[in-house]
Every structure is written in C-alpha cells, then in structure tokens.
Amino acid sequence: MEPGDKNRDRAGPGDKDRDRAGPGGRDRAGDRDSSGDEEEMEPGDEETGAGDGAGDGDEAEADSGSGEEMDDSSDDEQENEAEIQRLEEQLSISAYDYNCHIDLIKLLRQEGELVKLRCARQTMSELFPLTEELWLDWLKDEIRMAEKPHDREKVYELFEKAIKDYICPEIWLEYAQYSIGGIGLQGGIERARGIFDRALTAVGLHMTKGVAIWEAFREFENAILGTLQALPGTIVTPDQQEAMNKQLDRVHALFKRQLAIPLLDMESTYAEYEEWADEVLNESVKQFYKKALQQMEKRKPFEEALLAADPPKLAEYQAYIDFEVKDGDPARIQITFERTLSENCLVPDLWARYTVYLDRKLKIKDVVLSAHERAVRNCPWIVGLWKRYILALERHQVEHKIVTDTFEKALNAGFIQATDYVELWQAFLDYLRRRVDFSEDSSKELEELRSAYSRGVDYLKQDIEQRFSESGDSSCTILQNWARIEARLCRNMQKARELWDRIMTKGNAKYANMWLEYFNLERAHGDPQHCRKALHRAVQCTTDYPEHVSEVLLTFERVEGSLDDWDLAVEKTETRMNHINEWRAKAAVKDALQTKQEEEKTSQRKKARSEKKAAKKAQKQPTTGDKRKADEEEWGALPDKPNKKRRAGELEETEEAMATECGLFGRKGIAKTVETPAQQKHKAVVATRNKVPHDNSKDDLTVFVSNLAYSMHDPEDRIKEIFASFGQIADIRLVYSNRGHFRGYCYVEFKEKEAATNALKLDRQELEGRPMFISPCVDKAKNPEFKVFRYSSSLEKHKIFISGLPFSCTREDLEELCKDHGNLKEIRLVTNRSGKPKGLAYVEFENETQASLAVLKLDGNVLKDHTISVAISNPPQRKQTANVETGGTSGSFLPRQVYGPRGKGRTQLALVPRALQRLPAPGTSTENGTLREQDDNAKGDSTRAADMKKMTNADFAKMLLRK
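These numbers come from a predicted model, not from an experiment. (Residues numbered from 1 in each chain as written. Predicted model: local features only at pLDDT ≥ 70, side-chain atom pairs only at ≥ 80, totals over all residues. Heavy atoms only, no water.)

### Brief notes about the sheet that holds strand β3 (residues 742-750)
The strand order across the open sheet built from four strands is β2-β3-β1-β6, with neighbouring strands paired in antiparallel fashion. Strands with a single pairing partner mark the edges of an open sheet, and in this sheet they are β2 (729-736) and β6 (773-776). In this sheet, neighbouring strand axes are inclined to one another by 20° on average, regardless of whether the strands run parallel or antiparallel. Relative to β3, strand β1 (residues 702-706) runs antiparallel, the two sharing four bridges. The partner of Val703 across the bridge, within β3, is Val748. Each of β1, β2, β3 and β6 touches helix α33 (residues 715-723); the most contacted strand, β2, lies at about 140° to it. (Pairing = 2+ DSSP bridges. Helix = DSSP H or I, 4+ residues; strand = E, 2+ residues; numbered from the N terminus. Axes fitted to C-alpha atoms, helices over the stretch in contact; angles between N-to-C directions. Contact = heavy atoms within 4.5 Å.)

### Things to note about the packing of helix α10 (residues 169-180) against helix α11 (residues 188-203)
Between α10 and α11, the shortest axis-to-axis distance is 9 Å and the interhelical angle comes to 170°. Taken together, the axis directions place α10 and α11 in an arrangement best described as roughly antiparallel. Along the contact surface, α10 presents Pro169, Trp172, Tyr175, Ala176, Ser179 and Ile180, while α11 presents Ala192, Ile195, Phe196, Arg198, Ala199, Ala202 and Val203. For the contact of α10 with α11, the class distribution of residues is 11 nonpolar, one polar and one charged. (Parallel < 35°, antiparallel > 145°, perpendicular 65-115°, else oblique. Nonpolar A, V, L, I, M, F, W, Y, C, P; charged D, E, K, R; others polar.)

### Topic: the pattern of salt bridges
Counted under the stated rule, the structure contains 45 salt bridges. Between Arg109 and Asp141 there is a salt bridge, and its shortest N-O distance comes to 3.0 Å. You can see Arg109 sitting in helix α6 (residues 98-111) and its partner Asp141 sitting in helix α8 (residues 132-145), a full 32 residues away along the chain. Among the salt bridges present, the one from Arg121 reaches Asp141, with a minimum N-O distance of 3.1 Å. Here the residue Arg121 occupies a position in helix α7 (residues 114-127), and Asp141 occupies one in helix α8, the gap between them amounting to 20 residues. Note on Arg121: relative accessible area 4%, which makes it buried. Accessibility expressed as a relative area gives 3% for Asp141, which makes it buried. If you follow the salt bridges from partner to partner, you end up with Arg109, Arg121, Asp141 and Arg144 in one network. (Salt bridge = Lys/Arg side-chain N within 4 Å of Asp/Glu carboxyl O. Buried < 20%, exposed > 50% of the residue type's maximum accessible area, 1.4 Å probe, protein only.)

### Considering the nonpolar core
One broad rule of soluble globular proteins: the nonpolar side chains tend to lie buried together. In terms of nonpolar packing, the biggest core is built from 155 residues, with Ile171 and Leu424 touching the most fellow members. Take this core: its biggest share by element is nine residues, from helix α22 (residues 418-434). In this structure Leu424 touches Val383, Trp386, Ile390, Phe407, Ala410, Leu411 and Phe415, once residues within four positions along its chain are discounted. Counting residues in each nonpolar core, the second largest holds 22 residues, with Ile722, Ile729, Ala755 and Met772 among its members. (Core = buried A, V, L, I, M, F, W, Y, C linked by side-chain atoms within 4.5 Å.)

### Remarks on the sheet that holds strand β9 (residues 837-845)
Across the sheet, which stays open at both edges, the four strands sit in the order β8-β9-β7-β12 with antiparallel pairing between neighbours. The outermost strands of the open sheet, each flanked by one partner alone, are β8 (824-831) and β12 (869-873). Sheet twist, expressed as the average angle between the axes of neighbouring strands with direction ignored, equals 25°. Across seven bridges, β8 lies against β9 in antiparallel orientation. Residue Thr831 lies in a different strand from β9, and its bridge partner there is Pro837. Its contacts with the sheet put helix α35 (residues 811-818) on β7 (796-803), β8 and β9, and the angle it makes with β8 is roughly 135°.

### Some details on the confidence of the model for the chain
Residues with a pLDDT of 70 or more make up 74% of the chain, whose mean pLDDT is 79. Every residue in residues 627-642 is under pLDDT 50, and counting partners more than four places away or in other chains gives 34 contacts. Below pLDDT 50 for its whole length, residues 644-673 participates in 36 contacts with residues either more than four positions away or in separate chains. (pLDDT = per-residue confidence, 0-100.)

### Re the packing of aromatic side chains
Evaluated as defined, the whole model comprises 32 aromatic pairs. Aromatic pair Tyr98 and Phe128: ring centres 5.2 Å apart, planes at 85°, arrangement edge-to-face. One end of the pair, Tyr98, is in helix α6; the other, Phe128, is in the loop between α7 and α8, and 30 residues separate them in sequence. Residue Tyr98 is classed as partly exposed on the basis of its relative accessible area of 24%. (Phe/Tyr/Trp six-rings, centres within 6.5 Å; stacked < 30°, edge-to-face > 60°.)

### So, a negative patch on the surface
A contiguous patch of negative charge on the surface is contributed by Glu215, Glu219, Asp265, Glu267, Glu297 and Glu304. When residues of the negative patch are traced back to their parent elements, those giving at least two are α12 (210-228) and α15 (283-308). With respect to the helices and strands, Glu297 occurs in helix α15. (Patch = residues over 30% accessible without salt bridge, like charges linked within 9 Å, V, L, I, M, F, W, Y side chains within 5 Å. Areas by Shrake-Rupley, 256 points an atom, 1.4 Å probe, with all protein chains shown as cover. Lys, Arg positive; Asp, Glu negative; His and termini not counted. Charge placed at Lys NZ, Arg CZ, Asp CG, Glu CD.)

### Focus: helix α21 (residues 400-411)
Here α21 is 12 residues long and its end C-alpha atoms lie 17 Å apart, about the 16 Å a rise of 1.5 Å per residue gives. Along α21, the residues that are buried comprise Val403, Thr406, Phe407, Ala410 and Leu411. Taken around the axis of α21, the buried residues stretch over an arc of 145°, which confines them to a single face. Of the residues in α21, the exposed ones pointing more than 90 degrees away from the buried face are Lys401 and Lys409. Buried-residue contacts for α21 involve α20 (383-395), α22 and α23 (444-468). (Expected span 1.5 Å × (residues − 1). Arc of directions from axis to C-beta.)

### Thoughts on α20
The terminal C-alpha atoms of α20 lie 18 Å apart, and with 13 residues this matches the ideal 18 Å at 1.5 Å per residue to within 8%. Of all the residues in α20, the buried ones are Val383, Gly384, Leu385, Trp386, Tyr389, Ile390, Ala392 and Leu393. Against α18 (348-362), α19 (365-378), α21 and α22 lie the buried residues of α20. Note on α20: the residue one or two positions beyond its end, Gln397, has a positive phi of about 55°.

### What about the packing of helix α26 (residues 512-525) against helix α27 (residues 528-541)?
Their axes nearest at 9 Å, the elements α26 and α27 cross at an angle of 175°. If you check the angle between α26 and α27, you find them roughly antiparallel. Residues Trp515, Tyr518, Phe519, Glu522 and Arg523 of α26 touch α27, and the partners they reach there are His530, Cys531, Ala534, Leu535, Arg537, Ala538 and Cys541. The residue makeup of the contact of α26 with α27, split by class, is eight nonpolar, one polar and three charged.

### Quick notes on the environment of Glu133
Mapped onto the elements of the fold, Glu133 is located in helix α8. Overall, the relative accessible area of 53% leaves Glu133 in the exposed class. For the pair formed by Glu133 and Glu170, sequence separation is 37 residues and the distance between their alpha carbons is 9.7 Å.

### Overview of the pairing of β2
As a general feature of sheets, a regular strand has side chains that alternate between the two faces. Counting buried positions over the eight residues of β2 gives six, a clear majority of the element. Counting the residues that bridge the hairpin from β2 to β3 gives five residues, and of these Gly740 lies at a positive phi of roughly 90°.

### Here's the deal with unusual backbone geometry
Geometrically, the link from Pro311 to Pro312 is a cis peptide bond, its omega value of 5° lying close to zero. Note that Pro312 resides in the loop between α15 and α16 (314-327). One non-glycine residue with positive phi stands out, namely Lys313, at about 60°. Assignment of secondary structure puts Lys313 in the loop between α15 and α16. The exposure class of Lys313 is buried, given its relative accessible area of 16%. A positive phi angle is found at Arg764, which is not glycine, with a value near 70°. Position of Arg764 relative to the elements: it lies in the loop between α34 (753-759) and β4 (766-767).

Given below as structure tokens:
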C-alpha cells in the first residue's frame, strides 16, 4: 500500500465521484484528495509508530476528520439529488422554463451524472437554441469521452446541431480543429478541408473573430504542404511536384481571399503574405487589399463602439446593421445580423427584422428557414414570428406535414394573450385555404379546411376561454371568414347562414355592424328575401345603432320592395324606435332620479354634520372671557377651508382689520402684541409679493412648482439653487398666506423658453422627502383641454405594472429585477403626495415584446418576502366630468348635474359667513350664540339674498361684539 492509500480508502464517497468522471466530479474529488494529503504519512512512519499510543490517537483523529468530511459530502449529495428531483418535476409541468433547464444541467454536470446530463441537454436543445457556452461545454464533454470511431461520428453530428443554433466563430473553430484530429482516417483531409470551407462561408466575414478561422485554415494547408516537400538529397517526382504546386496554389488562394475581405489587423496578414510568397505581389492583389482596407476603415468606428460598450450592445449593433443595410452587401448584412442575435437572442423585434430581410431580399431557402426556425425557438411566445414562419414554409413549398407540425408546436408555445391564438389560427387557416382548388365541388383539401375551422372555433371557445377567462375572438372573426368562404368560394349559402346564426347567438345580435355584415353577404351571394329577413331581424335586435339599421331597411325597400314591403318596413321601424325612445326616456328619468337621490343623501349628510357641530359647540359652555372668541369662531369661520390653523390665522387678521377701522384697537380682549420691525418688514414684503399680478404673456417662460413642504427654510434660495442649472432665472414668485406662511407652491420664470421646457424634467423629483410637481404654466380658462397628468391612462403594451412591492423597494431593486428581460427606459415608483411609497411601480421597456416577456417571467415572483403581481400597464379610466347638454330631441338622455373639479364635495368658499346667510326671520331667537330657525324652508336662497340688509364693516363688528 502506498503512503496515502489508507486515507483514500477511507474517503468512501470520493471514489464514487471519481468513477463518474464528470468535470464537476473531478473537481470535487480533487478537493478531497488535497485535504487528505495533509494526513499522509512518510514511508517509515507507519512501522515506527506501531506500538505508540500517540500514533494511535493521530490515526483516530484522522479517521474522525475523514468521517466528518464524508458526512458533509453525503449531505451535499443528498441536497443536490433532492434539487435535481425538484427541477425534473418542475420541467415535467412547465417544459418551457428556460432557467430551470439551465439549473438542472449545471447540477447534473457538477454531480457527474453523465447519462442524465446528456438527456437533459438533448431535451433542452429540442426546445431552445443553446448558447455558445452551453454548446462548448457539451462538445468538450463528448469529445473527452469519444474513443471509438463510432463515437467520433456522434461528435460530428453534435457539431452539426451546434452550428445551426447560432453563427459562432468559436464553435466553428472548435469543429475545424476537431476534424484535424481525424485526418489520419480515410478521407480525413478532405473532410477537414470541407469543414474549414464551410466555416469561412459562415463566419469568415466576422471582422474581429473571423481572422482566427482564416489563420487556422492556412496553418492546416501549410502543414499538409510540409508533408509533401521532398527530403534533402532526394529527387522530386513529377507527381510529387504536381501535388506541391497544387497545395501552393491553395495557400496562395487563401491569402488572396482573406486580403480581399475587410478584417481587423489586415496589415499584418499582408506582411505575412509578402514574407511567405518571397516575391512582389501582383497588382490585382494590391487593389483588392486596398479596397478591403477602405471598407475596414469605414466599419472600424462601429467595431470600436462594440468593444467599448457593455453587453448586450443592442444600440451599437442596431447602428451597425443600419450601416450595412445602407451599404447593401447581403453577406455582410447577414453576418452583422447573426453577430447581433448571438448576444441579443431574446429580442423579438430583432428576429422579426432579420427574417423580413431574408424573406424579401436574400430568399435563399436554407438560410431563410433556418433563421425562422431559430427565431421561434428563441422567442416562442411571440405569435408574429410563428406567423411569418408558417408563411415562409408555404413560400418555399415545404411539405404539408412540416407546416402542420410547426403549427402544432406553435399552439403549445404558451402565448400571453388570448388574441395571439386567434392570430395564429387565422394564419394557419389562410394557408389551408390557399391549398384548396375551389373549382372542384369536394376535395381532400377542402374537407381539411372545414375540419380545421371547426377545430379552431372549438379550441378558442374551450381551451382559450378556460385559460384566460375571456374570449380571444369576441367578434367571431374566424366564423365570419368561414362563412364568407362558404358563400363566395364554395357557393354554399345555406352553410354560411348557419355559421352566421352561430355568430349571432354568441352575443353579437345587439350590434348593428354584425347585421350589416350579414346583410352585405346576403346582398352579394344570397337573394332579396333573405336580405329583407336579415334587416327585419336587425331592426328588432339592434340596441346600439337602431336608427342606422332602420335607415338601411327603408333604403333597401325603396329599391327592391313593393308597397306592402314598404308599409311593413315603416311600421316596424316606427314601432321599434318608439320602444327605443321610451326605454331611453325611462333610463334618463332613472338616471336623473338616482342623481337626485345622491344629492339628497349628500345634503342630509351635510345637515347632519352641521347639527352635530352645533350641538357640540352648545355643550361647550364657554366662559365670559372666552365668549367673544366663541362668537368669532361661529360667526367668522370659513366653512370649507381644510387647514384649520391657517383659517384661524386669517380670521385673526380679519378681526384685527375690523377692530382698527371701528376704533376698537387696544380695547381689552382685542389688543394684540406689538410687532417688531423685522416682523413688520416681513409682512410688508409678503403683502407686496401677494399683490404682484401674474403676466400671462410669459406663460411659456414660466413653470408652476407645487407640493413643496410648508416648513421649507428659505424657499426662494432653495428653489433658485435647484433650477439655476437650466438657465437664467428672471423671477421666483412664492405664494404666501395672509399671515406670511409659505403655501407650498410658486412660479419660476426663466429668461429663455428652452430653460422652462428643460425644467419640466424635474417633475416628481424628491425635495425634502416630498415629490415636486412641476407643470407648464397654462391658463386653464383659455385651454380647458390641457392635461396636467403626465402619464398615459390607456393601454401601454411596452410598459408593465407591478403591485405587491415592499415599501422598502428601491429603483435599484426594480432595475436589478427587470434588467434581464429587456432594455429599460424608465422606472417609476408610485408614491403619495408626501413621497411615501404605495407598493406600486411602472417599468417601461423598449418595446412591447420585452414587456410581454417580463410579465411572463416575473409575475408571481417573490421580492423581499413579498409576492409581486405583474401585468401590462392598463390603468382604469380617469373619471371625466359630464358635459352639460342644453335642449335636445325627445328620447335624449337628461344631463347629469355638473359638479366642481373635485366632485361633489364643498369646494367653493362662501364669501359670506354661514350665519349671515341664514338671517333670522321674525320670531326667531338665539341660544348660546346659535340661531334657532322656526321656518328653514320659508324662503329660498334667492329670496333671502334679496331681503338681506346691506351692512357696513361697523355693523359687522357690532354683531361680532354683541353680548
């Protein structure tokens, strides 16, 4: 036994890992061997310590340490096996979970489970294209285990699969170098040369990585040339010389081909060719080289931008593609697209643009179909890519079974909208319709078309409505097209009528446009009797536009009908319209009654609040010294001001002004504290500012800033500091209350219009814990349609809405969560007016496909122990104020009452105190300063206003001070 064998024998599980020979297993075994080396003994130590107790203790300690290591290894294996089982169960439920495939392959490779690893890789490759890293790992593992010629053929087959997923120079280079290892076999040289030629065609134009393929090919041909050269002292035969000359021509041709292509570091290749040829190069080579050098200089800025940019470099690649498309070289356009897609394989718009270019310009069958297949494998959730794929298969006359199989794969792709399935079915049905020869009464293709239509209708009704809880084809476009085909192409109006009856029974009978579509079909392919019948049914069933349907019926009878038909049509239309008008009148009365009830409820609530407030004040029982204060609060309060402190301050100022005018200033209970000069100066400044009128002619130079903190210290300096970077500020008009308190908003006037426009970018930026609201300064009286709300309130397919977020979630957390699913344009956390988060956010992507992918991947994820919900942004409609309609014909709806801009609340300030609005009628009395009315409804508000006695400020002061 060797010195370290004892410890390795005790390793136990380590042997199992080494036997499994996987890359991960080898690393794990290596770790255990290195830990065991610390406990190995020198060759003579075992005999020397045979009877030594200390030696026994060391051995026992070593056994203990090895046992702990074995236990840890066993625990890790059990955890990995449990995780592997969980991932396999997850994939059995959702086979298109890309990340789950990646995790499973990683664990199996780590554990060295080669059989399961191979199956997992094959399963994933059937569903998704594998990345360059996944393919290289797989290929290297298979190359390492390939020992027999039969195994080498399997590796070749695996390489052929790998080069179809993406155009990767590294995979092609690995393929070519692997083929060099088989040149000793029969036909090995020609096989390797063929692979190199294919590699040059595929990636030889790659400006940065294509050079490696060219150099490897030249080295291969130079090596063969070296084997053909005669040994010193031997005579070269004519056959040997011919073979050498032929090989020399191959090397020359490679140099010339490379120098004619724009590649980086072309100068060194040219110098190498001069040195190798050992002669002056001819003019044609120099001309091709100079032309390629010029092309390389044009493309060099794009390559440098790609080197400097961070992945995925989509914007830089897009600019590169635009340049190549403008230049017009199909081969260079194709390689640029392929380079872009290798790093942006999950960008559907990029695949769509590439496939459209190939369909319209290149039109090479193998290239086009390969690109379409890779597009749907990378982005299977995009229905547009599947539709284009089906069209491409039909365009290149692929077998019908392949088209059908492709359609079945698309049905299982997992689209995120019900309407996507309608589009897919329609594309497939269009393909089947184009296969039918309608000159024959019956054919296999026609029966297949009808069967597909029937299956499509059932699929949309059962599977899609059950999955999405909505109908993807609410307007029955599939059935409508089927009916048109039966009527126009098959000349089978009976079948078309049956189909249209199915359409009407699906809730479409109330829509006028459905009846008119049917009428037009009957008009074109039916007979007048069925046209008349359809219009009569339309008049009876339509609820949205019955007037229009009635007009169409009368017009039809003017042209086609007899007098009896005309009389019947007039009678039916008049009867129907009378019913409609009665229904509308009842609906209007009901609506008006409901509005009145709501108003009465509001009035009752206001009255109850007033009575409750009066009762509460009556129970207070104020002292003599506080009586005047209580009277002031009752008589002088402004009823609907939300800020009580501000209201009290304004009342004090009003009281002071009246007391001064009446000569009461200085009396007991009214005297005020003498103000300091600084306070007087401050009030004078405030009063001056409040009197500065707003100049509407400078609205385009001004922005309105609101939602600022009332307690902001030196608001003018603070605002100037924030907005100074946008341009020269002409004036800052802060708005103060009458007591000189800052009211939280201001006007900032710039000297240039551009500065005001740029200042709007600070909208909703936080300032002292509150988001600033910055909007253009617009006179809403002159521009009633101006909308301050800056965000769209309609469906935005490129933006997602996230709810359920923790309040501690930051913009950086959302960026980290969403950046893997597309290019982010804007992230907006929703807050209230004080800046506190609501747990909601909007994330805007570059396009709607990226947003759809994000919804698919993120919905239901957990973020900081919170399960989030993700959906396409579709805010509810904002409530609009009803328009007041004056007049109108019979049957028109009564207008709703128009409330103020804030709804039904008390939003208008009463310019006269409430007590003065309710002057006591004769016979009334007061209790505790509160009026008791004997007849509240004796007079209306207009009568009271007419009976009010005009009062001076002195009368008003006496009223306040009465005992």
